[in-house]
Every structure is written in C-alpha cells, then in structure tokens.
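Letter by letter, the chains look like this.
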Amino acid sequence: MAHMGGTASAEIEAPLEEVWAIVEDVLTAPEWQGGLVALTALEHDADGRPTLVESVSDIKIRQVKTQVRFSYAGPTRLSWSQEKGDLKSVDGSWVLEDLGGGRTRATYTLDGDPGRVLGMLIRGPVEAAARAMLVNARPGELKDRVEGGDS
C-alpha cells in the first residue's frame with residue numbers, strides 16, 4: 001500500500017521572522033504550493049489564525065478534500081493533523097531554524113496514509129510524482145515565495 005510522506009529542507013536567504021510570516025499565513029498557501037487547490041478556514045484561534053481548515057488538494061490522480069487542524073508554535077514550528085477527510089490520515093509540519101546572518105533553514109515533513117482504495121491507485125510512478133509535488137517541492141516553493149518577494 002502506498003504511503004505519502006517524507007521530509008525535505010531548503011536554506012532561505014531571509015531572517016526567521018520573515019519566513020515564519022509566510023508559513024504562518026496558511027490561507028495563502030495555495031498561491032505558492034503546487035497541488036494545493038483551496039483552503040477555507042472553519043475555525044480560528046484567539047489571535048485570528050485559522051486552526052481548522054478545509055483543504056482541497058490535487059494529488060495527480062484525483063482531488064482530495066480534508067479537514068486539517070493547525071497548531072502554531074511560532075516562529076519555529078507549524079504543524080497540522082487531519083481530523084477527517086478523503087485520506088486515512090495525514091500529519092505534517094514546517095520547522096524553521098535560524099542559521100544566523102539573515103538565513104533560515106525550512107524543513108517540511110509530511111506523513112500520510114491514503115487508505116486502502118486510494119492507496120491502490122498511488123503506486124510506482126504516480127507515487128513518486130505525488131511525493132515530488134507534496135513533499136520534495138515544498139521547501140523550494142517556500143524559498144521562491146520568500147526570496148522572490150511574492151508575499
């Protein structure tokens with residue numbers, strides 16, 4: 001059965017706080033994360049940040065819808081866990097590390113179980129393509145967003 005997950009990192013030429021501002025602004029993620037079609041906030045915390053979000057992602061073989069609970073531990077960690085949705089489970093995080101000199105290391109981790117039916121469809125080249133889009137590309141996309149000034 002297929003497993004969607006992995007870890008990838010990138011060093012970004014920007015201070016930690018600037019990178020955190022992009023990561024923390026979860027509702028803008030579809031603007032810079034490939035395959036992420038839409039995010040809709042369902043609940044917010046006392047600071048107005050989305051805590052429960054409905055997401056729609058294109059995972060190459062079909063679109064999947066999930067409700068994800070976010071946890072903010074800024075400015076170094078944003079994590080999330082699926083509460084319900086098309087996948088059996090999904091957990092992920094951004095971990096930011098201050099490298100000094102205005103540089104930040106961003107590490108993206110995703111651990112997902114698509115479930116039996118969807119897992120049968122995500123095999124071989126499809127699994128590799130989904131992992132490349134959903135995990136391996138994320139730090140580079142964040143780097144482009146921060147360094148490119150598209151925020």
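Residues numbered from 1 in each chain as written. Predicted model: local features only at pLDDT ≥ 70, side-chain atom pairs only at ≥ 80, totals over all residues. Heavy atoms only, no water.

Trainee: Lay out the environment of Glu43 with the relevant residues and their values.
Mentor: Tracing the backbone shows Glu43 in strand 2 (residues 36-44). Relative accessible area serves as the criterion here: at 35%, Glu43 is assigned to the partly exposed category. C-alpha separation for the pair Glu43 and Val53, spaced 10 residues apart in sequence, amounts to 7.1 Å. Dropping the residues within four chain positions of it, Glu43 is found in contact with Arg49, Pro50, Thr51, Leu52 and Arg69. (Helix = DSSP H or I, 4+ residues; strand = E, 2+ residues; numbered from the N terminus. Buried < 20%, exposed > 50% of the residue type's maximum accessible area, 1.4 Å probe, protein only. Contact = heavy atoms within 4.5 Å.)

Trainee: Give me the pattern of salt bridges: which residues, what numbers.
Mentor: In total, this model carries 12 salt bridges according to the counting rule given. Taking the shortest distance from any N to any O, the salt bridge between Arg103 and Glu11 comes out at 2.6 Å. In this pair, Arg103 sits in strand 7 (residues 103-113) while Glu11 sits in strand 1 (residues 4-12), placing the two residues 92 residues apart along the sequence. Of the residues examined, Arg103 reaches a relative accessible area of 26% and is grouped as partly exposed. Given the relative accessible area of 33%, Glu11 is considered partly exposed. The partner of Asp45 in a salt bridge is Arg49, and the shortest N-O contact between them spans 2.8 Å. Among the charged side chains, a salt-bridge network with shared partners connects Glu11, Glu13, Glu97, Arg103 and Arg105. (Salt bridge = Lys/Arg side-chain N within 4 Å of Asp/Glu carboxyl O.)

Trainee: Quick one: what's the story with the nonpolar core, residue by residue and with numbers?
Mentor: Formed by 29 residues in total, the largest nonpolar core has its most connected members in Val19, Val23, Phe70, Leu78, Trp80, Trp94 and Leu142. Residue assignment for this core shows that the elements contributing at least two residues are strand 1, helix 1 (16-24), strand 2, strand 4 (63-73), strand 5 (77-85), strand 6 (89-100), strand 7 and helix 4 (138-148). Among the elements that take part in this core, helix 1 stands out by supplying 5 residues, more than any other. Beyond its immediate stretch of four places on either side in the chain, Phe70 contacts Val26, Pro50, Thr51, Val53, Leu78, Ser79 and Trp80. (Core = buried A, V, L, I, M, F, W, Y, C linked by side-chain atoms within 4.5 Å.)

Trainee: Explain the packing of aromatic side chains to me, using residue names and the numbers behind them.
Mentor: Counted according to the given criterion, the structure contains 5 aromatic pairs. On the basis of an interplanar angle of 40° and a centroid distance of 6.3 Å, the ring pair of Trp32 and Trp94 is categorised as tilted. Residue Trp32 is found in the loop between helix 1 and strand 2, and its partner Trp94 is found in strand 6; the two are separated by 62 residues along the sequence. Its relative accessible area of 10% is what places Trp32 among the buried residues. (Phe/Tyr/Trp six-rings, centres within 6.5 Å; stacked < 30°, edge-to-face > 60°.)

Trainee: Got a sec to walk through helix 1? Specific residues and values, please.
Mentor: When helix 1 is considered as a whole, its buried residues turn out to be Leu16, Val19, Trp20, Ile22 and Val23. Around the axis of helix 1, the buried residues are gathered within 160° of arc, so they sit on the same side. The inward-facing, buried residues of helix 1 abut strand 1, strand 4, strand 5, strand 6, strand 7 and helix 4. (Arc of directions from axis to C-beta.)

What is shown is where atoms sit, not what they do.
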